[in-house]
Structures are given as C-alpha cells and as structure tokens.
Amino acid sequence: MDKKKCMALLLCLCLTAGLLTGCGGSIGQYEDEAEQAEPAEPDDGAEQAEQTEPDEPDDEAAPEDEADDSPADVPDLAGEDASPTDGEPAEPSVTPDPGLGAEAYDADTVVATFNGRDVSWKTYYYWLKYYVDYSDYLAAVGAFSYTDGWDGCDISPDHTNAEVVRLSAWDNLAQYLAADELAEQLDVSLGEDGDEQVQAAFERDADSMGDGDGECTDEEAAAFEDYLGEQFLDRETYEQMVRTGLLMDACLVSLYGEDGADLPDEQAVAYGEEQGLMQAKHILLMTVDSATGEELDEEQVQAKEEKINELYEQLSAVQEDHEALEALFDQLMEENTEDGGVDAFPDGYLFGEGVMVTAFEDTARSLEEYGLSEPVQSDYGWHIILRLPIDPDGTVMTATGQTSSLRTAAASSDMLARLTETIDAAEVEWKDGF
C-alpha cells in the first residue's frame with residue numbers, strides 16, 4: 001500500500017469523531033509555540049480559498065481552523081494529509097524505541113477505567129502507536145529533531161517526548177469515552193440505521209485508500225482491513241470510533257439543532273467576541289493591477305483617490321443614521337467596489353486577528369459598531385470600511401482557507417466544553433503496571 005496514502009489515513013482517522021479532535025489534548029497542544037504566519041492579503045475577487053492569479057490581491061480573509069492550537073508550520077493532526085515536501089519525507093535522525101509492542105499484553109487486558117468504563121490494552125495501544133507514528137512524522141518533516149530519544153524534551157519544554165505521547169494518547173481516548181457518556185445522558189442513539197451508517201463510513205474510508213472512485217470493492221475492503229490490522233486497530237474498535245463520531249453529530253443536533261440553528265443569537269455573538277472576531281464591509285478602489293500586481297500609473301492612482309474621497313463625502317453625510325448609512329454603503333459598494341469577494345460576502349467579512357491585511361484589520365478594530373472610516377490606504381488601494389455588529393449566522397473567515405458558520409462553531413465549542421468538563425471530572429483508575 002502506498003506509504004503516503006497510509007500516512008494520510010493515519011492522520012485522518014480522528015476525523016471519524018469529527019468534533020472530538022480539538023476537545024482534549026494532542027501533540028499539537030504540547031508543542032513549543034511557533035512563530036505565527038504572516039496574515040493573508042485581501043482578495044480582489046478570486047474564489048474564496050483559491051487564488052487564480054499569484055499576484056492577485058486578496059482582500060477576503062483566508063479562513064483558519066478555529067480549533068487549531070498547533071503551530072502554523074506543523075501539520076494539523078486532524079486533517080493534514082500530505083507532507084510539505086515533494087516525494088517521501090526523510091527519515092528522522094533518531095527514532096525512539098517503539099517499546100514493548102502490541103503483544104506485550106492480551107488485547108482485552110483492562111489498563112484503566114473511566115467513570116467505570118473499561119479501557120482495553122488494544123484501544124490504548126492503538127492511540128500510543130498513533131502518536132508515536134505522528135511524532136516520527138513531525139520529526140521527519142522537520143518540525144523538531146529528536147535529541148535524547150524518549151527522555152528528551154523536543155516536542156514540549158515541559159514534558160518529555162514519552163510524556164507527550166502518553167498524554168496525547170490518553171487525551172484523545174478520553175474524548176471518545178466522554179462522548180459516549182454524553183450520548184447516554186442525552187438519550188441519543190443512531191437509530192435503526194446505525195449499522196448501515198457505520199458500514200457506509202467503512203466503505204468510504206476503504207475506497208479512499210483505494211482508487212477513490214466512490215465505490216468500495218471487495219478488494220478495497222480487504223486491503224483496508226489489512227491496513228487497520230497493521231495499525232493495531234481491529235474492525236470492532238474502528239467501528240466503535242466511527243459510531244462515536246456519528247453519535248457526536250446526533251448530540252450536536254439534539255442540543256442545538258441542525259448546524260446549531262437553535263443556539264441563541266446572543267450566545268453565538270458572545271462566542272465570536274471571545275474569539276476576537278470583527279465584522280466589516282468595505283468599498284475598495286484598487287491602485288494596483290489585479291492581474292499583475294503592478295501599481296497603476298500616477299494619473300489612475302490620483303483618480304482613484306479623488307473617487308474614494310467623493311464616496312466618503314456621501315457616506316459621512318448620513319453616518320449618524322445607521323440604517324440610512326448601511327443602505328447607502330451597500331448601494332455605493334455594489335456600484336463601485338473592486339473587491340470581487342463582495343459577491344460571496346455581501347454582508348461583510350467576519351474575521352479575527354491576522355486574517356486581513358494590517359491596514360484593514362487595524363482600522364476595523366478602531367471603529368465602534370456602525371463606525372465609518374475615512375479613506376484608508378493599503379498596498380492594494382483605497383478602502384472605506386464600515387464596522388458592523390457580529391452576525392450570528394456569518395461565515396467566519398480564517399487564514400487557512402477554511403470557513404464555518406459562527407453559530408455552528410459556537411455550538412460545537414459549547415459541546416466540546418461539555419466534554420472537557422466530563423473529562424476533567426472523570427474518575428480514572430489505572431490498573432497496576434500502567
């Protein structure tokens with residue numbers, strides 16, 4: 001089986017429990033903080049998260065995974081499926097001893113209990129191996145270098161490499177246990193078609209490891225089961241992980257409705273404020289060529305400056321009347337803006353720190369709700385910015401190109417907080433030797 005495909009699956013298996021990744025800890029949580037990436041530039045109208053011209057300005061924020069606490073230059077455990085280098089990654093300079101291995105204990109040996117729920121050796125070992133492999137992968141792609149094997153503190157200054165692996169393994173396993181408890185508390189189940197949903201997930205994963213044509217063949221199913229075995233993940237444990245992920249989706253709907261639709265507006269807005277989000281519209285008159293990125297000639301630049309000042313005069317005349325101001329702003333934006341992103345985001349951009357260019361972000365942050373900026377210049381042209389209240393159903397934009405509804409994100413965050421509370425309060429008993 002292709003090594004890169006194996007790594008892709010290894011890094012994506014946590015997705016079977018979608019919302020669970022990011023609830024507890026992981027290697028990303030224990031890594032040293034890395035220097036933050038430069039903020040995305042505005043997009044003058046390319047499709048969101050895709051820039052067709054390399055030099056084309058980007059005035060849309062490029063969305064970022066809100067739940068990701070890992071450094072910007074380190075692959076995310078819950079979804080990064082490709083090496084940042086071409087071909088196969090180099091082997092780490094030093095690889096920790098994998099230890100006793102899966103056969104050190106019987107598969108069903110109970111290693112711990114979580115609120116009375118048994119945790120088997122086979123399940124615990126799967127997560128240990130998962131994070132050993134993942135730490136090796138990070139080392140291979142240059143995220144860190146092993147110095148003293150398991151006793152070194154290469155991943156985190158506060159934990160040895162062995163501690164990071166153990167903590168990460170338990171944190172992720174505890175998320176699944178807490179999720180099952182939440183489903184029981186809410187009396188949520190998958191219903192009569194639960195087995196069919198689990199089987200469908202198996203077939204999707206098997207096909208993705210095969211030719212990815214949307215149809216799972218017997219050969220692909222057999223190859224996938226063989227791969228699971230290589231990862232010390234038997235079919236029963238795999239299906240339980242999938243089932244828990246599906247239960248989490250059902251819990252989300254039970255608590256907050258589809259996509260968090262039942263979450264109160266004020267709770268969604270409060271979450272946005274906690275995340276430091278802002279919402280703003282702007283009128284952009286570009287002083288650079290959108291195709292080449294080269295500055296327009298002096299006469300064209302002067303014309304743009306005169307035009308933006310005229311627009312500001314019209315807007316400032318009604319800025320005390322919020323309703324009239326927004327109506328006129330929308331009209332002038334539709335007629336004049338050279339930011340093509342307005343078609344995808346007619347209600348403005350909802351974004352956090354480091355997403356928009358500095359001039360845009362700093363100006364928006366300085367405004368109160370319904371505050372109107374004077375013309376402000378960025379590397380891409382002249383802007384007039386209108387700060388708006390946060391829309392609970394707005395699309396949150398981040399620097400990685402991903403987006404989600406604020407209401408959905410707030411609902412997910414609230415449910416993850418419930419899981420965290422369960423994990424923190426759980427009675428955990430480790431058996432002798434573990």
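Residues numbered from 1 in each chain as written. Predicted model: local features only at pLDDT ≥ 70, side-chain atom pairs only at ≥ 80, totals over all residues. Heavy atoms only, no water.

Trainee: Give me the pattern of salt bridges: which residues, what numbers.
Mentor: Using the criterion set out here, one finds 17 salt bridges in the structure. We note a salt bridge from Asp 195 to Arg 243, for which the minimum N-O separation is 3.0 Å. Within this pair, whereas Asp 195 is found in helix H5 (residues 194–209), its partner Arg 243 is found in helix H7 (residues 235–256), the two being separated by 48 residues in sequence. For Arg 243, a relative accessible area of 24% translates into the label partly exposed. A salt bridge links Arg 418 to Asp 414; its shortest N-O distance comes to 4.0 Å. Note that Arg 418 and Asp 414 are positioned in helix H12 (residues 406–425) at a spacing of 4 residues, about one turn of the helix. Judged by relative accessible area, which is 36%, Arg 418 ranks as partly exposed. For Asp 414, a relative accessible area of 26% corresponds to the partly exposed category. Through salt bridges with shared partners, a single network forms among Asp 108, Lys 122, Asp 234 and Glu 236. (Salt bridge = Lys/Arg side-chain N within 4 Å of Asp/Glu carboxyl O. Helix = DSSP H or I, 4+ residues; strand = E, 2+ residues; numbered from the N terminus. Buried < 20%, exposed > 50% of the residue type's maximum accessible area, 1.4 Å probe, protein only.)

Trainee: Break down unusual backbone geometry for me, citing the residues and quoting the values.
Mentor: Located in the positive-phi region is Phe 232, a residue other than glycine, with phi close to 60°. Relative to the helices and strands, Phe 232 is located in the loop between helix H6 (218–230) and H7. Positive phi outside glycine occurs at Tyr 370, with the angle close to 65°. Of note, Tyr 370 is situated in the loop between helix H11 (358–366) and strand E5 (376–378). Since its relative accessible area comes to 23%, Tyr 370 is described here as partly exposed.

Trainee: Break down H7 for me, citing the residues and quoting the values.
Mentor: A rise of 1.5 Å per residue sets the reference length of H7, with its 22 residues, at 32 Å; its end C-alpha atoms lie 32 Å apart and thus fit the reference within 8%. Buried within H7 we find Thr 237, Tyr 238, Met 241, Val 242, Thr 244, Gly 245, Leu 246, Leu 247, Met 248, Cys 251, Leu 252 and Tyr 256. Here the buried face of H7 lies against helix H3 (121–140), helix H4 (161–186), H5, H6 and H12. The positive-phi residue at the C-terminal boundary of H7 is Gly 257, with phi of around 80°. (Expected span 1.5 Å × (residues − 1). Contact = heavy atoms within 4.5 Å.)

Trainee: Before we move on, could you go through the confidence of the model for the protein and cite the residues and values that matter?
Mentor: Within the protein, residue pLDDT values average 81, and 77% of them lie at 70 or more. Every residue in residues 1–25 scores below 50 in pLDDT, and together they form 76 contacts with partners more than four places removed in sequence or on other chains. Taken as a whole, residues 32–98 scores under 50 in pLDDT and shows 170 contacts with residues more than four places along the chain or in a different chain. (pLDDT = per-residue confidence, 0-100.)

Trainee: Before we move on, could you go through the pairing of strand E3 (residues 278–286) and cite the residues and values that matter?
Mentor: E3 sits mainly inside the fold: 9 of its 9 residues count as buried. Neither face of E3 is left uncovered, since the one carrying Met 278, Ala 280, His 282, Leu 284 and Met 286 and the one carrying Gln 279, Lys 281, Ile 283 and Leu 285 both have all their residues buried. Pairing analysis gives 3 bridges linking E3 to strand E4 (residues 349–351), with the strands arranged antiparallel. Pairing of Ala 280 across the sheet is with Tyr 349, part of E4. (Pairing = 2+ DSSP bridges.)

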